[in-house]
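Structure assessment
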Amino acid sequence: MYKRNQKFIRSIGVFMLTAAILTGFSEKVSAGKTVSAKATSEADAIPGNGRHFVQYNGHVYFRIPSEDDMKKSAIWGNYADIPNSKGTIVAMDCKTLETEPLFEDMSQGRIVISGGRLILSSNRPAGQNNVRSVSLDGSDTKELPGTNIYGTQPSGKYFVTGGFNSKDHKLHLYICDEDGGYKEPVTSSKLYDYAGIGKTQLFCITKEKEGYGSLSGFDLETGEETVYGELPELQGTKKTPGSVSRCMEEDGYVYLQLVFYEGSSYIYKGSNCVKVKVGKAGSLEEIIPEETKKKDGEERYSRTVMVKDGKLLYVEGRPNTASLDPHGNIGFYNDDAEFVKVASGYETELTGEKDTRLSVETVEAVDGYIYVIQNKERRAQKDDDGLRYAYKRVETSFIRLDEKTGNKVIISHCENPDINNQDSDQAKDSDDDKIPNNDPLKGLVRGDILKRFRASNPYREGNGVQEEARRLGNWVKDSIKNHMPDSLKEQGESIGRKYEFYFGTDIGNNLNNNFPYIYMAYFTLKDYYFNGRNVEFYNSLIEDDSYLGSGNPETIDQMYKDMQAFITECNNYIRRK
């Protein structure tokens, strides 16, 4: 029985606890540099295909870093750029949310599923065929041409690989299919850049001489080329093709947005858009997007465009994708390209530990859920590159947010084994290996603290996390109560006042009573966030808060952080005794 109920029995009676796991689904699919098309237009679309999180046959496939990679630094925290990296492909069961490791590999970047197989690109040296087709369990591997994966259809029926050949120094692209076949399209000009893959064609920019290049399409089945025409110039820019920002297909037309940058720091110079009739040679025409909202000030970056009812529009964001806004809010863009907030508190911020910050690496929307990769990272000054700062991960959390409820689940968690932060409750040490595996607090409580506790308080067979965490809280309280610093007392009392929905509104809400229940609540929540267990406890907190507050999941997240800070200080005090 949770403490809220125990206190309410003394004061206002018993409330019945309920738990509901919402599993609503939608058709939200993260769009990459592939031709955008609504998932509903293709019945066999694979949600998230071509991104970092891909849902297929009741599982979500993604990649977690190895312990060795967690030890490596990266400039500005761009860990995807780490050379010779190694990780593990894992699969999360969409019903149980349990994550199973499948196999280790050296792949990076996007994950494509085609023909029931994983298409992965490794980070071997350029010039080699780095793309591989791998069975879902990793037992069978086949090599494909190209060094990179460029894009895929939502269904994975066709996808594109390629790269620059080290011998002729030219771009080569390959149309690959779900049966394992592939073909290299033959162009009348020189391939310059990949533009996108649509329902029937691969779109590319070609360039033979000085100028802004041309647009061609290649039939996915035959490889036959359609030359659509020369791309328009953008006044004030060098005569070179722009970078493809968007490629969209609707009602037999393809729309392309090209963005122009200048200099080594990529200063934005402008953008233009074109439209072609698929399969009709010479049909390229420049179009100007219509305004949906007035844009104030000078443009310093390219604006997002979308196609709706045959019109190209400037909009706030790409429909059916997720994003992190400048205020630290995570949400998705609906069908009208309007941002829908799902969760807050994800801005890059210092954690209170020296040179350590929290930052978001990836945000993707897949079938009604938003998947987030969040790093706790520390400055690695010795690896700085001039004025460019290097960071090293302390821990990485893989988070799943429900778009409808904001419900948060940590589906996987990785830690840097080299960083033993004595000021963090999250850190591990060798003492953890001396704790029996059946102890429910193992892996949740710091090993050195748990070892001291167990010396006089052996595990009671049959108890779970809640009962043992409460016993731990009583032991800590008895260990420090006669010498507890005033600052620590105030910290604990503040938690009781701030979260009355759990600690009660009566006279019983005081630190002496609350102390063991702070421990019980914190470690039960930690078990939920990190291991996906104790869902009922988490949902009961949401329900309790709805009686006195908003029932917002962000309140529970903050409660967890406040209790973590309190328990960390208690642990450090015990260590100093």
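That block above? That's the structure.
For the structure given in this document, a descriptive report is provided here. The structure presented is a predicted model; accordingly, all values stated were derived computationally and were not measured. All residue numbers refer to positions counted from 1 along the written sequence of the respective chain. Note on the predicted model: pLDDT of at least 70 is required for a residue's local features to be given, and 80 or more for side-chain atom pairs to be given and counted; whole-chain, interface and lining totals, by contrast, use all residues. Remark: hydrogens and water are excluded; side-chain values derive from all non-hydrogen atoms of the structure.

1. Things to note about the overall build of the protein
This is how the line gets drawn: Put simply, DSSP H or I for four residues or longer makes a helix, DSSP E for two residues or longer makes a strand, and each gets a number counted from the N terminus. Type-normalised accessible area, obtained with a 1.4 Å probe on protein chains alone, sets the label of each residue: buried when under 20%, exposed when over 50%, and partly exposed for intermediate values. Here a residue-residue contact requires only that any non-hydrogen atoms of the pair lie within 4.5 Å. Each accessible area is a Shrake-Rupley estimate made with a 1.4 Å probe; only the visible protein chains count as cover when residues are assessed.
On a plain count of helices and strands, the protein comes out with 9 helices and 31 strands. Evaluated residue by residue, the protein yields a buried proportion of 54% over its 577 residues. Long-range pairs, those at least 24 residues apart, make up 50% of the contacts in the protein between residues at least 6 apart in sequence. Looking at the protein as shown, the accessible area adds up to about 27,100 Å², and 46% of this sits on carbon and sulfur atoms.

2. Focus on unusual backbone geometry
At Asp309, a position not held by glycine, the phi torsion is positive, near 55°. Checked against the element boundaries, Asp309 lands in the loop between β22 (304-308) and β23 (311-315). Note on Asp309: relative accessible area 68%, which makes it exposed. Even without a glycine there, the phi angle at Asn320 is positive, about 65°. Tracing the backbone shows Asn320 in the loop between β23 and β24 (322-324).

3. A short note on the sheet that holds strand β26 (residues 339-343)
Picture the strands of a sheet paired through backbone hydrogen bonds; they go either parallel or antiparallel. Note the cut-off: By definition, two strands form a pair when at least two bridges between them are found by DSSP. To obtain each axis, a line is fitted to C-alpha atoms, and for helices this fit is confined to the stretch in contact; angles are then taken between N-to-C directions over 0 to 180 degrees.
Read across the open sheet, the 3 strands follow the order β24-β25-β26; overall the sheet is antiparallel. In this open sheet, the two strands that pair with only one neighbour each are β24 and β26. Within the sheet, the average angular offset between the axes of one strand and its neighbour, ignoring direction, is 35°. Relative to strand β25 (residues 330-333), β24 runs antiparallel, the two sharing 3 bridges. Paired with Leu324 across the two strands is Ile330, which belongs to β25.

4. Topic: the sheet that holds strand β6 (residues 107-114)
If you trace the 4 strands from one edge of the open sheet to the other, you get β6-β7-β8-β9, paired in antiparallel fashion. A single partner strand is all that each edge strand has here, and the edge strands are β6 and β9 (141-144). With strand direction ignored, the average angle separating the axes of adjacent strands in the sheet is 25°.

5. Section: the packing of helix α5 (residues 486-498) against helix α7 (residues 511-531)
Heads up, the rule is: Orientation categories follow fixed angle ranges, with anything under 35 degrees roughly parallel, anything over 145 roughly antiparallel, 65 to 115 roughly perpendicular, and all other angles oblique. Throughout, the ten residues Ala, Val, Leu, Ile, Met, Phe, Trp, Tyr, Cys and Pro are labelled nonpolar, Asp, Glu, Lys and Arg are labelled charged, and all others, Gly among them, are labelled polar.
Relative to each other, α5 and α7 sit at 80°, their axes nearing to 10 Å. Judged on the interaxial angle alone, α7 and α5 are roughly perpendicular. Counting all contacts with α5, which are made through Lys489, Gly492, Glu493, Ile495 and Gly496, the residues of α7 involved are Leu511, Asn514 and Ile518. Class assignment of the residues belonging to the contact of α5 with α7 gives a composition of 3 nonpolar, 3 polar and 2 charged.

6. Here's the deal with the side chain of Asp545
Following the sequence through the fold, Asp545 ends up in helix α8 (residues 535-548). In this structure Asp545 comes out as buried when scored by relative accessible area, which is 5%. Other than its neighbours up to four places away in sequence, Asp545 contacts Phe501, Ser550, Gly551, Asn552 and Thr555.

7. Some words on the packing of helix α4 (residues 465-480) against α7
Working note: a packed helix pair is described by the angle between its axes plus the distance between those axes. What counts is decided by this rule: Should the near helix be turned anticlockwise from the far one by less than a right angle, the crossing is termed left-handed; should it be turned clockwise, right-handed.
Running from N to C, α4 and α7 point in directions that differ by 135°, and their axes come no closer than 7 Å. One element, α4, and the other, α7, form an angle in the oblique class. As for the relative orientation of α4 and α7, their crossing is right-handed in sense. The residues of α7 that touch α4, namely those facing Val465, Gln466, Ala469, Arg470, Leu472, Gly473, Asn474, Val476, Lys477 and Ile480, are Asn512, Phe515, Pro516, Tyr517, Tyr519, Met520, Phe523, Thr524 and Asp527.

8. With respect to the nonpolar core
Rules: For this analysis, a nonpolar core means a set of buried residues of the types Ala, Val, Leu, Ile, Met, Phe, Trp, Tyr and Cys, connected via side-chain atoms within 4.5 Å.
Counting 76 residues, the largest nonpolar core has Tyr502 and Phe523 as its most contacted members. For this core, the leading source of residues is α7, giving 13 residues. Core analysis: the next-biggest nonpolar cluster, separate from the first, contains 17 residues, Phe203, Leu215, Cys247 and Phe260 among them.

9. What to know about the packing of aromatic side chains
Keep this limit in mind: Geometry of aromatic contacts follows a simple scheme: Phe, Tyr and Trp rings, the Trp one being its six-membered ring, pair when their centres are within 6.5 Å, and the pair is stacked under 30 degrees between planes, edge-to-face over 60, tilted otherwise.
Summed over all chains, the structure comprises 23 aromatic pairs. A ring pair is formed by Tyr502 and Phe537, whose centres lie 6.4 Å apart and whose planes are at 80°; its orientation type is edge-to-face. Of this pair, Tyr502 sits in helix α6 (residues 500-503) while Phe537 is found in helix α8, placing the two residues 35 residues apart along the sequence. Summarising the aromatic geometry, the rings of Tyr529 and Tyr538 are spaced 6.1 Å apart at their centres and angled 70° between planes, so their arrangement reads as edge-to-face. For the residue pair Tyr529 and Tyr538, the accessibility class agrees, reading buried in each case. Chaining the aromatic ring pairs together yields one cluster made of Phe515, Tyr519, Tyr522, Phe523, Tyr528, Tyr529, Tyr538, Tyr560 and Phe566.

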